[in-house]
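Chains, contacts and geometry: an overview
What follows is each chain in one-letter form.
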Amino acid sequence: MLALIAFGTVAVGAFGILYWNVITCYRMSGWDEVPARLTSVNLSSRKNQKGSNSYRAEATYDYQYRGQAYSGDRVGIHTWGHDGFRGWQRNTATRLRKYQKQRQPCPCFVNPSNPAQSVLDREMRPSIMLLVTVFAGIFGGIGLSEVSRWRAVLRRDADPQNSASTSEQLSNEFCSAPIDSVWRWLPAFFFFALLAAPTAILLPSELRAGNAVAILLSIVPAITFLIVLICCWAVFRQLIEGTTIVKLASVPGVIGGHVSGVVCTKRDLSPGTVTVIKLRCDETKRKHDQAGHQRKSHSGTQAVMHWSDEQELAADLTPAGGDGSAIPFDFFVPDDLPETQPGKVQWVITARSNGRGPRFQSQCEIPVFITKDSGLSRENDESLVAALQGDLTPQQRLRSHGVRFDDKSDGSKRLRIRGQMSFVPMAVLAATMIATDVACFALFHRGASWLLVGVVGILGALLTWGFLHTLMWGCRIVVTEDSAQLRSGATLFCGSYNIRRADFCRLYVRMGTQIGNAQYYKVYLATDEHAIHVGKGILGKERAELYGEAIWHEVVGTDPPPVEQRSFSDEKRERARRRSH
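The structure presented is a predicted model; accordingly, all values stated were derived computationally and were not measured.

Procedures and definitions
Residues numbered from 1 in each chain as written. Predicted model: local features only at pLDDT ≥ 70, side-chain atom pairs only at ≥ 80, totals over all residues. Heavy atoms only, no water. Disulfide = S-S within 2.5 Å. Buried < 20%, exposed > 50% of the residue type's maximum accessible area, 1.4 Å probe, protein only. Phe/Tyr/Trp six-rings, centres within 6.5 Å; stacked < 30°, edge-to-face > 60°. Helix = DSSP H or I, 4+ residues; strand = E, 2+ residues; numbered from the N terminus. Core = buried A, V, L, I, M, F, W, Y, C linked by side-chain atoms within 4.5 Å. Contact = heavy atoms within 4.5 Å. Pairing = 2+ DSSP bridges. Expected span 1.5 Å × (residues − 1). Axes fitted to C-alpha atoms, helices over the stretch in contact; angles between N-to-C directions. Polar contact = N/O pair within 3.5 Å; in protein donor to acceptor, adjacent residues only side chain to side chain. Patch = residues over 30% accessible without salt bridge, like charges linked within 9 Å, V, L, I, M, F, W, Y side chains within 5 Å. Areas by Shrake-Rupley, 256 points an atom, 1.4 Å probe, with all protein chains shown as cover. Salt bridge = Lys/Arg side-chain N within 4 Å of Asp/Glu carboxyl O. Lys, Arg positive; Asp, Glu negative; His and termini not counted. Charge placed at Lys NZ, Arg CZ, Asp CG, Glu CD.

Some thoughts on the state of the cysteines
The tally for this structure, following the rule as stated, stands at 0 disulfides. As a non-bridged cysteine, Cys231 has Cys232 as the owner of its nearest cysteine sulfur, 7.0 Å distant. A relative accessible area of 13% means that Cys231 is categorised as buried.

Here you go:
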């Protein structure tokens, strides 16, 4: 609570400075411009306790307004003393000295209602705005997250679903709606909207002036616009998917027993759609410092996944005589896992569709506790989804990853493969690429050293190429009776191969990207001379291996060899070995 008060106080102060700048600048925009005669100009400096210099542009001037003579000494809209922004202070002092040296009148802005008030420069300073915006964003964001955390804890404490003793009173239905995320994003939207309003007023004039700081200030309105897009996407999903209902066979779920039920959605999942149901147990733990003490701040927490299991269903899930789809699930939960605890341990069930067809994704938190039935049942192979689960055929497996099949009249078979472009890794890659390119442009515009500009520029070019390569990557395979024609790579840089099916001898996967705990893999079919990239961006090693085995069945037509896992250095050594031969 003390941290919340401290962060909130700093954030309120920063927001006050931001809006004081805007209000003061708006009032001064109505002041009358008159010529002023500069009597003195000076750039004063002083050292603080740390030994660094702070500066202040000082000037005194005389002016006449409506026949009356006045004098003033206010240079900018900020009336505080020295600060560390040497550039603005020095440029202002140089500009005023030029007026004084040439004995030219300097523009001065006078308050019509109080002519004794005047200022020489009434523009907002972008550097001050950027600094205060960063302070308001950091401290206000931490304070907002603390408020959200306390609200969640209080709500879960008051929720009867978090108590095993009230299981007789619990409903067996749990709802999940995409529109719920809008209410979670609304506080962030209002926060960033308040943060972006002052900078949005400043941006047009600064961008026209070519100020590089304005590019950094545009990040806050961009974040606000991104939140608006997220909310619009949630509303669109609500209109398309509706509310998903998870119906448990018994409430609560049993640790050391079964968690079973049905996920009901209004989406009509076609028989060719593979549906994946996943149950996981997450725990929020506090991080420890090097001495082993717990960190008390909210930022010192991390999410740990204790256990997860998933089931894939490839069947007609449309109930007889009804609309939508009903997706059954049945999980056996080991008896060494923690039960639901408010704000600490959550049991979450997710459902999503794979492949081409209706898109569906839902997530819902359910109660799972140790009860009197814990340990009485054992894992049963004949579960309620055993008949629906089964083993997917290679074509079903590949279709679940978006592979398209096209059988020709001449007996050949064609496969069209696109990269698995998941939203999170693509968004992270795009954000990193844009930030690096903007930083390179800002450094170049500000006249930074060529070495620094070159390093950032090369990094931005590599990220841009990686993003475009991921968007344009594809693989086309034409399988005939004896050979396979493969064309793999980005659209304009594809490599073509015509290989006898009997020449394929190895199948391996390689991790391409890691975002948090999520690992995305690439899949390769290899001969003694070539390694062809046939899969990209597949989440999880096990999924990548199953995908590779399915590709092998469709292309080679025999039982696949053991799937190897290789690294980038292994590939470099393999290419060097091929060149040497």
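And the narrative resumes.
So, the packing of aromatic side chains
Within this structure, the stated rule accounts for 9 aromatic pairs. Considering the side-chain rings of Phe15 and Phe191, the 5.7 Å spacing of their centres and the 75 degrees angle between planes classify their relative orientation as edge-to-face. Of this pair, Phe15 sits in helix 1 (residues 2-28) while Phe191 sits in helix 4 (residues 180-208), and the two are 176 residues apart along the sequence. The class for Phe15 is buried, based on a relative accessible area of 15%. Owing to a relative accessible area of 11%, Phe191 belongs among the buried residues under this scheme. Ring pairing ties together the aromatic residues Phe15, Phe191 and Phe192, which thus form one cluster.

With respect to the nonpolar core
Core analysis: the biggest nonpolar cluster contains 28 residues, and Ile477, Phe504, Val534, Ile551 and Val555 have the highest contact counts within it. The set of elements that each furnish at least two residues to this core consists of strand 17 (413-418), strand 18 (474-479), strand 19 (483-489), strand 21 (506-515), strand 22 (518-526), strand 23 (531-539) and helix 11 (541-555). Apart from the residues within four sequence positions on either side, Ile551 is in contact with Leu398, Leu415, Ile417, Leu525, Val534 and Val556. One finds Leu279, Ile327, Val333 and Ile349 within the second-largest nonpolar core, a separate group that totals 26 residues.

A word on the sheet that holds strand 3 (residues 68-72)
The strand order across the open sheet formed by 5 strands is 3-2-1-4-5, and the pairing between neighbours is antiparallel. Each of the sheet's edge strands pairs with one partner strand only, and the pair in question is strand 3 and strand 5 (118-119). Across 5 bridges, strand 2 (residues 53-65) lies against strand 3 in antiparallel orientation. By the bridge assignment for strand 3, Tyr61 is matched with Gly72.

Here we look at helix 6 (residues 219-241)
Helical geometry: 3.6 residues make up each α-helical turn, so side chains three or four residues apart lie on a common side. Here helix 6 spans 32 Å end to end across 23 residues, near enough to the 33 Å set by a 1.5 Å rise per residue. Within helix 6, the full set of buried residues consists of Val220, Thr224, Ile227, Cys231, Ala234, Gln238 and Glu241. Following helix 6 by one or two positions, Gly242 adopts a phi angle in the positive range, close to 75 degrees.

Section: the sheet that holds strand 6 (residues 173-176)
Taken together, 4 strands build an open sheet; the order of strands is 6-7-9-12 and the sheet is antiparallel. Two strands in the sheet have a free side with no partner beyond their single neighbour: strand 6 and strand 12 (325-332). Neighbour to neighbour, the strand axes of the sheet diverge by 20 degrees on average, direction disregarded. Sheet topology note: the strand 9 (residues 258-265)/strand 12 ladder contains 8 bridges and is antiparallel. Each bridged residue has a counterpart across the sheet, and for Val262 the counterpart in strand 12 is Pro328.

Concerning unusual backbone geometry
Residue Val251 is joined to Pro252 through a cis peptide bond whose omega torsion reads -5 degrees. With respect to the helices and strands, the residue Pro252 is situated in the loop between strand 7 (244-248) and strand 8 (253-254). Unlike most non-glycine residues, Arg66 shows phi in positive territory, near 55 degrees. Mapped onto the elements of the fold, Arg66 is located in the loop between strand 2 and strand 3. Note on Arg66: relative accessible area 66%, which makes it exposed. One non-glycine residue with positive phi stands out, namely Arg103, at about 55 degrees. In this fold, Arg103 is placed in the loop between helix 2 (86-101) and strand 4 (106-110).

Some points on the environment of Lys266
Along the chain, Lys266 falls in the loop between strand 9 and strand 10 (274-286). We classify Lys266 as partly exposed; its relative accessible area is 47%. Along the backbone, Lys266 and Gly242 are 24 residues apart, and their C-alpha atoms lie at a distance of 6.5 Å. Residue contacts for Lys266: discarding those within four places in its chain leaves Leu239, Ile240, Glu241, Gly242 and Gly324. A distance of 3.3 Å separates a polar side-chain atom of Lys266 from the backbone oxygen of Leu239.

Digging into a positive patch on the surface
On the surface, a cluster of positive charge is contributed by Arg404, Arg414, Arg416, Arg418, Arg476 and Arg487. When residues in the positive patch are grouped by element, the largest group, 3 residues, is from strand 17. Tracing the sequence through the fold places Arg476 in strand 18.

Things to note about the environment of Arg122
Tracing the backbone through its elements, the reader meets Arg122 in the loop between strand 5 and helix 3 (126-158). Through-space distance from the C-alpha of Arg122 to that of Ile77 is 5.6 Å; in sequence the pair is 45 residues apart. Residues within four places of Arg122 in sequence aside, it is in contact with Cys25, Met28, Ser29, Trp31, Ile77 and Phe109. Separated by 3.5 Å, the side chain of Arg122 and the backbone oxygen of Ser29 make a polar contact.

Focus on the pattern of salt bridges
Throughout the structure, instances matching the rule amount to 11 salt bridges. Across the salt bridge formed by Arg37 and Asp62, the nearest N and O atoms sit 3.0 Å from each other. Pair noted here: Arg37 is in strand 1 (residues 32-47) and Asp62 is in strand 2, with a separation of 25 residues, a long-range link. Owing to a relative accessible area of 53%, Arg37 belongs among the exposed residues under this scheme. For Asp62, a relative accessible area of 29% puts it in the partly exposed group. Note that Arg95 and Asp121 form a salt bridge whose closest N and O atoms lie 3.6 Å from each other. Of the two residues, Arg95 is situated in helix 2 and Asp121 in the loop between strand 5 and helix 3; the sequence distance between them amounts to 26 residues. Exposure remark for Arg95: the relative accessible area of 33% places this residue in the partly exposed category. With relative accessibility at 13%, the residue Asp121 sits in the buried group.

Quick word on helix 11
A rise of 1.5 Å per residue sets the reference length of helix 11, with its 15 residues, at 21 Å; its end C-alpha atoms lie 21 Å apart and thus fit the reference within 8%. Turning to helix 11, its buried residues number three or more, namely Arg543, Ala544, Tyr547, Gly548, Ala550, Ile551, Trp552, Glu554 and Val555. Positive backbone phi, at 85 degrees, marks Gly557, one or two positions downstream of helix 11.

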